[in-house]
Amino acid sequence: MGEIQRPGALYQQVAAAIRDAITAGEFPPGSPLPSETQLIDRYKVSRPTVRNAIAALRSEGLIEVRHGKGSFVRAAAAPAVTIERNITRNGSDRFVTHTGTVWDHEQEPAVYRTQTTAVTGPLLQLPEGEALFGCDRLMIDPGTGTRLLHRTLIPFATAEGTPLADAPDTEPAEIYALLTKVGHKLSWSETVRARMPLPDERTALELPDATPVVHTLRITQGAEDAPLILEELRASGDRAQLSYRITADPPRRLRSVKNA
C-alpha cells in the first residue's frame, strides 16, 4: 500500500487507515496487527508516527498491547462474570442479595464518616452536608479475577437506635434484616449507567485502557418510599454484566386526601 492521503495529523491518518482495515475484517478480533516495521513500510511513515497511531487506537479501546508480543485487535469477548442484583427473602428477617458467585474481600472494609454531596444528597432526600456513615469494599471473584467496588452510605438518622450506629460495615443483606426488625417495610430502586472510570477506579479495578465501568446506584426505601441507605457498585464494563429478575408489581394504591 502506498502513502496515505487523508486530512488531519499524519498519525491520525495512519490510525484511521488501520481502523478501516480492522472494520473491513483484514485484522479480525483477537488477531495481531503487523509489526511496527511492517506498518512503517505499509504506510510509508516514520516509527514515531506508527507508535502515535497505535497509542490512539489503544486509547479508543480498539486494540490492546501485550508486552513482549505486540499489538492485537481487541476481541469482544463475553463478560467473565454475571452479577445478580436480585433481592430475595428467606423467612421473616433473612435476605439474600446474590446467588452463584461468591465474592472474596480483597482487603478489609474501610469504614468512615462523611457527608452528603450535591450528588448523594438528592438521592437520599437530604440537604448537602448531612452526616453519613460510609463503608467501602473492594471484592474479587476468585474464579475469574474480576473486581468490584461496593460502597454503602448510611445516614445517621437511619442508623440511630440500631446496631448500624456501631457497625456500619454490616453486610447489605444483614442491613436489610436490621431495618426490617426495627419496623421498616422495605422496597428498592436501582439505576445503572456506564461511564469512563476515574483514575482511582481504574487502578482498583485493574481496568485496561478505554474500558468503562458499570455503575449502579441502589436506594433502599422505607415508608412512602423514603430513602434509608444508598449503595453504589462499580465493576468493569468489559468483564461484568448485571442480571435482574423482573416481576409484575401490582399498581400502587393512591392515597386519599381529605379536605380540611
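Reading the values: rules and limits
Residues numbered from 1 in each chain as written. Predicted model: local features only at pLDDT ≥ 70, side-chain atom pairs only at ≥ 80, totals over all residues. Heavy atoms only, no water. Helix = DSSP H or I, 4+ residues; strand = E, 2+ residues; numbered from the N terminus. Expected span 1.5 Å × (residues − 1). Buried < 20%, exposed > 50% of the residue type's maximum accessible area, 1.4 Å probe, protein only. Arc of directions from axis to C-beta. Contact = heavy atoms within 4.5 Å. Axes fitted to C-alpha atoms, helices over the stretch in contact; angles between N-to-C directions. Parallel < 35°, antiparallel > 145°, perpendicular 65-115°, else oblique. Left-handed = near helix turned anticlockwise from the far one by under 90°. Polar contact = N/O pair within 3.5 Å; in protein donor to acceptor, adjacent residues only side chain to side chain. Salt bridge = Lys/Arg side-chain N within 4 Å of Asp/Glu carboxyl O. Core = buried A, V, L, I, M, F, W, Y, C linked by side-chain atoms within 4.5 Å.

S.K.: Pulling in residues and values, what's your account of helix α3 (residues 47-59)?
M.R.: With 13 residues, α3 ought to run about 18 Å at 1.5 Å a step, and its terminal C-alpha atoms sit 18 Å apart, in line with that. Taken as a whole, α3 has its buried residues at Thr49, Val50, Ala53, Ile54, Ala56 and Leu57. Buried residues in α3, looked at end-on, bunch into an arc of 160 degrees, giving them a common side. Among the structural elements, α1 (10-23), α2 (36-43), β1 (63-66) and β2 (70-73) are those in contact with the buried residues of α3.

S.K.: Tell me about the packing of α1 against α3, and please be specific about residues and values.
M.R.: At a minimum axis separation of 8 Å, α1 and α3 run at an interaxial angle of 60 degrees. Taken together, the axes of α1 and α3 lie oblique to each other. Between α1 and α3 the crossing geometry is right-handed. Residue-level contacts link Leu10, Tyr11, Val14, Ala15, Ile18 and Arg19 of α1 to Thr49, Asn52, Ala53, Ile54, Ala56 and Leu57 of α3.

S.K.: Tell me about the environment of Arg147, residues and numbers included.
M.R.: Note that Arg147 resides in strand β9 (residues 147-155). Taking C-alpha positions, Arg147 is 9.5 Å from Asp104, a pair spaced 43 residues apart along the chain. Those residues in contact with Arg147 that sit more than four places away from it in its chain are Trp103, Glu106, Leu138, Met139, Ile140, Ala204, Leu205, Glu206, Ala235 and Ser236. For Arg147, the side chain forms a polar contact with the main-chain oxygen of Ala204, separated by 2.9 Å. At 3.3 Å, the side chain of Arg147 forms a polar contact with the side chain of Glu206.

S.K.: Requested: an account of the pattern of salt bridges, with residues and values cited.
M.R.: The tally for this structure, following the rule as stated, stands at 15 salt bridges. A salt bridge links Glu190 to Arg85, with the nearest nitrogen and oxygen atoms 3.0 Å apart. Of this pair, Glu190 sits in strand β10 (residues 187-195) while Arg85 sits in the loop between β3 (81-84) and β4 (88-90), and the two are 105 residues apart along the sequence. Through salt bridges with shared partners, one network takes in Glu36, Arg47 and Arg51.

S.K.: Let's hear about the nonpolar core: which residues, and what values?
M.R.: Counting residues in each nonpolar core, the largest one holds 19 residues, and the members touching the most others are Ile18, Ile22, Leu33, Tyr43 and Ile54. Those elements that place two or more of their residues in this core are α1, α2 and α3. Here the element with the most residues in this core is α1; it accounts for 6 residues.

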